[in-house]
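Structure at a glance
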Amino acid sequence: MAGLKGLIGLSHFIPGLFSWHPLLMSLAFSFLMTEALLVFSPETSLLRSFSRKVKVRFHWALQLLCLLCALLGLGIISYNKYLNGKSHFVTWHGLTGLLTVLYASMQCMGGLALLYPKLMKNWTLAKLKLYHATSGLVCYLLGCASLMLGMCSLWFTTLVTGVFWYLAVLCPILTSLVIMNQVSNAYLYHKRMKP
């Protein structure tokens, strides 16, 4: 019990604990996950000239950093809610955010199957890639939805108003369209066209 009181007392020395949550979640889903997915883009990747193996390793590292930021962001908001005596996961943003972080965790475990395909004996590598890419797209869209729901929160709408709010909301919408196009072109349309 003394340890818990010490942690609560410590919260007075942590300036802006809440502000770390939007920073870490935006970093995770707006930057790191987006960049991890764009690694495979033939048009926009900075690693175009690198081998597929290098791109996969870079994708894996960025996704791992994304997951770490997301877990830390989730932990911070949970701790902040606990300190302030507020309920957890009662808003659409909170529920979608929790689902996104859990889904991203499972997606990272699914990515391990692609790093070590011999562990998945009854699956072809092509099928694993297809499922990982489409499942990853769902994860990315969940992350964007959670970010947009966060932009509808009282905290965000108090800080960002007018045209700047619309520009902020436009960012995840545009990146979602780019990522959906990339995954569709690389996996879905290509697979449909094969006999």
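The structure under discussion appears in the preceding block.
Let me sum up the structure you'll find in this document. (Residues numbered from 1 in each chain as written. Predicted model: local features only at pLDDT ≥ 70, side-chain atom pairs only at ≥ 80, totals over all residues. Heavy atoms only, no water.)

1. Considerations on the overall build of the chain
Counting its regular elements, the chain contains 7 helices and 0 strands. For the chain, the sequential pattern of α-helices and β-strands runs α-α-α-α-α-α-α. A burial count over the chain gives 35% of its 195 residues as buried. Put simply, 71% of the contacts in the chain that link residues at least 6 apart link residues at least 24 apart. (Helix = DSSP H or I, 4+ residues; strand = E, 2+ residues; numbered from the N terminus. Buried < 20%, exposed > 50% of the residue type's maximum accessible area, 1.4 Å probe, protein only. Contact = heavy atoms within 4.5 Å.)

2. Describing a nonpolar patch on the surface
Together, Trp-60, Leu-64, Leu-65, Leu-68, Met-106, Met-109, Leu-112, Tyr-116 and Leu-119 make up a nonpolar patch on the protein surface, roughly 940 Å² of accessible area in all. Breaking the nonpolar patch down by element, the ones donating at least two residues are α3 (52–83) and α4 (92–115). The element that contributes the greatest number of residues to the nonpolar patch is α3, accounting for 4 residues. Within the secondary structure, Leu-112 sits in helix α4. (Patch = residues over 30% accessible without salt bridge, like charges linked within 9 Å, V, L, I, M, F, W, Y side chains within 5 Å. Areas by Shrake-Rupley, 256 points an atom, 1.4 Å probe, with all protein chains shown as cover. Salt bridge = Lys/Arg side-chain N within 4 Å of Asp/Glu carboxyl O.)

3. Comments concerning the side chain of His-21
Residue position: His-21 is located in helix α2 (residues 20–38). His-21 sits in the buried class, given a relative accessible area of 10%. Excluding anything up to four places from it in sequence, His-21 contacts Gly-73, Leu-74, Ile-76, Ile-77 and His-93.

4. Some thoughts on the packing of α3 against α4
If you want to describe how two helices pack, look at the angle between their axes and the distance between the axes. Axis separation between α3 and α4 bottoms out at 10 Å; the angle between their running directions is 155°. Classified by the angle their axes make, α3 and α4 are roughly antiparallel. Once α3 is placed against α4, the crossing between them reads as left-handed. Along its contact with α3, which presents Val-56, Arg-57, Trp-60, Gln-63, Leu-67, Ala-70, Leu-71 and Leu-74, the element α4 presents Leu-98, Val-101, Ala-104, Ser-105, Cys-108, Leu-112 and Leu-115. (Axes fitted to C-alpha atoms, helices over the stretch in contact; angles between N-to-C directions. Parallel < 35°, antiparallel > 145°, perpendicular 65-115°, else oblique. Left-handed = near helix turned anticlockwise from the far one by under 90°.)

5. Considerations on unusual backbone geometry
Non-glycine residue Phe-89 carries a positive phi angle of around 55°. Mapped onto the elements, Phe-89 comes out in the loop between α3 and α4. The exposure class of Phe-89 is partly exposed, given its relative accessible area of 29%.

6. Brief notes about α2
Over its 19 residues, α2 runs 26 Å from end to end, which matches the ideal 27 Å to within 8%, given 1.5 Å per residue. The largest bend in α2 amounts to roughly 30° and is located at Ala-28. If you check which residues of α2 are buried, you get His-21, Pro-22, Leu-24, Met-25, Ala-28, Phe-29, Leu-32, Met-33, Thr-34, Ala-36, Leu-37 and Leu-38. (Expected span 1.5 Å × (residues − 1). Bend = angle between axes of the 7 residues up to and from the residue.)

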